[in-house]
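Here are the chains, one letter per residue:
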Amino acid sequence: MASNSNDQSGLTRREYVACGGTVVAGGLLSGCTGSSSPDPSESGTATGTDTTTATESEPADATATDRSYRVTVEPVGEVTFETVPQTWVAENASWADMGVALGLTKPSAVVLTGEYRTWHYEDVPGLSPSKGDMTSLWQDGISKERLLEIDAGVHFIDPNYMVNLIPNWDRSDVEEMHERVGPFCGNTSFSTYSWHEDYPYYSLYEATEKVAAVFQRQDRFRALSNLHEEFLGRLQGRLPPEDQRPEIALLSPGSTEPETFYPYRLGDRTAYKHWRDLGVSDALAGSEIQSFTSDRGTIDYEPLLEIDPEVLMLYTDTHRTDAAFEDTYLAFLQDHDTASRLTAVQNGAVYPAGGMYQGPILNLSKTERAAKQLFPDEFDEEEMLYDRQRIADIRAGDI
């Protein structure tokens with residue numbers, strides 16, 4: 001069971017009603033106001049369908065402590081846990097992967113299971129990519145009945161996300177679920193939002209540390225953080241000079257035979273961590289093209305021809321093998337009267353960007369793949385740039 005405490009005395013009215021919000025005595029959430037949008041994925045890509053089955057059976061560690069403990073997660077504030085949660089729900093694959101990297105079984109539910117690209121787990125010993133027992137919260141909306149049925153001990157979901165992006169939810173609904181089921185203590189950090197301006201965004205490892213604190217797995221977090229730093233040190237030491245690194249255009253195709261694209265600007269949120277770590281730049285920088293997450297706009301081939309990016313990285317609706325991606329997207333672009341004039345298409349420099357969400361394991365996998373795509377002269381296709389067995393050992397508590 002979890003409860004919340006936070007002193008609202010001395011707050012201004014604006015601080016009390018701002019979207020950043022706080023938690024007041026008794027666990028009531030404040031500051032979660034705004035208009036709803038029917039786009040639960042936030043990413044602008046099609047949601048896809050996943051057909052894998054079964055999940056891991058490793059439970060959360062319920063014996064980590066016999067005393068209550070408190071964890072502070074913005075925008076909710078301080079949350080008190082009487083015991084380590086046994087079940088959990090994640091807003092998206094980023095939060096889901098954070099828990100999995102710490103050795104937990106996959107969450108009972110995420111908003112969209114199709115956005116959780118668990119194929120990244122295939123070569124981690126003992127970690128199944130299956131999602132068959134996982135619930136997709138989004139089914140023509142998100143119902144309180146479904147959350148009551150799941151009965152999770154904690155929801156790594158930003159309450160402001162629920163109010164601003166999920167239709168028919170308001171502050172009272174979040175408060176009710178917070179009290180009747182379990183706390184909502186996530187922070188939407190994969191992209192930038194106007195309703196997020198009154199509280200901080202977390203980096204990938206800052207958010208993972210919060211999950212570790214909730215599940216009392218700080219030792220695993222420290223080991224994951226060390227693994228990540230060692231990986232980056234080795235990787236970045238092999239990168240070519242900055243002036244020899246490509247500019248990339250991040251796009252989500254409107255279909256498998258695209259005439260329009262949803263553009264994404266290479267930002268500083270968690271969705272773009274691997275690109276920043278590889279030191280590549282945004283081909284759309286300096287243009288008037290806005291990120292889809294900002295204006296929900298699309299572009300066609302005309303502005304792409306004007307910019308003529310060195311590399312096209314495509315966010316797609318589902319995971320495809322490299323061969324299937326080339327047969328689907330690259331072949332179409334090469335045969336297209338206009339797209340075939342793009343330098344990236346002529347050079348075959350069109351690659352799958354994967355999904356936008358990432359926690360520790362997904363980030364390692366995505367960074368490794370991107371390094372091989374962008375710097376094939378330095379990184380061999382068969383080379384493993386991070387230790388899969390070490391991930392398995394950390395998950396098992398063998399620090």
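None of these values were measured; they are calculated from a predicted model.

A. Structural view of the pattern of salt bridges. Evaluated as defined, the whole model comprises 15 salt bridges. Among the ionic pairs, Glu383 bridges to Arg238, the shortest N-O distance being 2.7 Å. Taken together, the residues span a long stretch of sequence, with Glu383 in the loop between α13 (360-374) and α14 (388-395) and Arg238 in the loop between α7 (218-236) and β8 (247-253) at a distance of 145 residues. What makes Glu383 partly exposed here is its relative accessible area of 24%. Take Arg238: its relative accessible area is 29%, and that puts it in the partly exposed class.

B. Inspection of the pairing of strand β11 (residues 311-314) at higher detail. Of the two faces of β11, the one lined by Val311 and Met313 and the one lined by Leu312 and Leu314 are each fully buried. Relative to β11, β8 runs parallel, the two sharing 4 bridges. Bridging across to β11, Ala249 finds its partner in Leu312. Pairing of β11 with strand β12 (residues 350-352) involves 3 bridges; the strand directions are parallel. When the sheet's bridge partners are listed, Met313 is paired in β12 with Tyr351.

C. Expanded view of α7. Over its 19 residues, α7 runs 27 Å from end to end, which matches the ideal 27 Å to within 8%, given 1.5 Å per residue. Within the span of α7, buried status applies to Arg220, Phe221, Ala223, Leu224, Leu227, His228, Phe231, Leu232 and Leu235. Structurally, α7 contributes buried residues whose contacts are with α2 (93-101), α6 (204-214), α8 (273-277), α13 and α14.

D. Region of the structure containing the layout of surface pockets. Taken as a whole, the largest pocket encloses approximately 620 Å³ of empty space. Residue lining of the largest pocket: 27 residues in total, with Trp119, Asp322, Arg369, Lys372 and Glu381 positioned closest to the centre. If you list the elements that add at least two residues to the lining of the largest pocket, you get α11 (322-335), β12 and α13. Ranked by the residues each element gives to the lining of the largest pocket, the list is headed by α13, at 5 residues. Looking at side-chain class alone, the lining of the largest pocket contains 9 nonpolar, 6 polar and 12 charged residues. Mapped onto the domain boundaries, the lining of the largest pocket takes at least three residues apiece from domain 1 (69-215) and domain 2 (241-396).

Definitions and cut-offs
In this numbering scheme, every chain counts its residues from 1 along its sequence in written order. A pLDDT threshold of at least 70 governs which residues receive local features in this predicted model, and a stricter bar of 80 or more applies before side-chain atom pairs are shown or counted, although totals over entire chains, interfaces and linings include all residues. Processing note: side-chain calculations cover all non-hydrogen atoms of the structure and skip hydrogens and water entirely. Just to be clear on terms, a salt bridge is a Lys or Arg side-chain nitrogen sitting within 4 Å of an Asp or Glu carboxyl oxygen. A run of H or I in DSSP counts as a helix once it spans at least four residues, and a run of E counts as a strand once it spans at least two, with each numbered from the N terminus. Between buried and exposed lies partly exposed: a residue is buried under 20% and exposed over 50% of the maximum accessible area for its type, with that area taken using a 1.4 Å probe on protein chains only. When DSSP finds at least two bridges between two strands, those strands are taken to pair. Helix span is expected to be 1.5 Å times the residue number reduced by one. Working rule for contacts: check all heavy atoms of both residues, and any pair within 4.5 Å makes them a contact. A pocket, in this scheme, is an open set of points on a 1 Å grid over the protein atoms alone with protein on both sides within 12 Å along at least 5 of 7 lines, while a cavity is a set where a 1.4 Å probe fits but cannot get out; residues line either one if an atom lies within 4 Å of a point. Grid points are joined across faces, edges and corners, and a volume is the space filled by probe spheres set on the points. Think of it as three bins: nonpolar holds Ala, Val, Leu, Ile, Met, Phe, Trp, Tyr, Cys and Pro, charged holds Asp, Glu, Lys and Arg, and polar takes everything else, Gly as well. Segment limits for the domains were obtained from an automatic or database-derived domain assignment.

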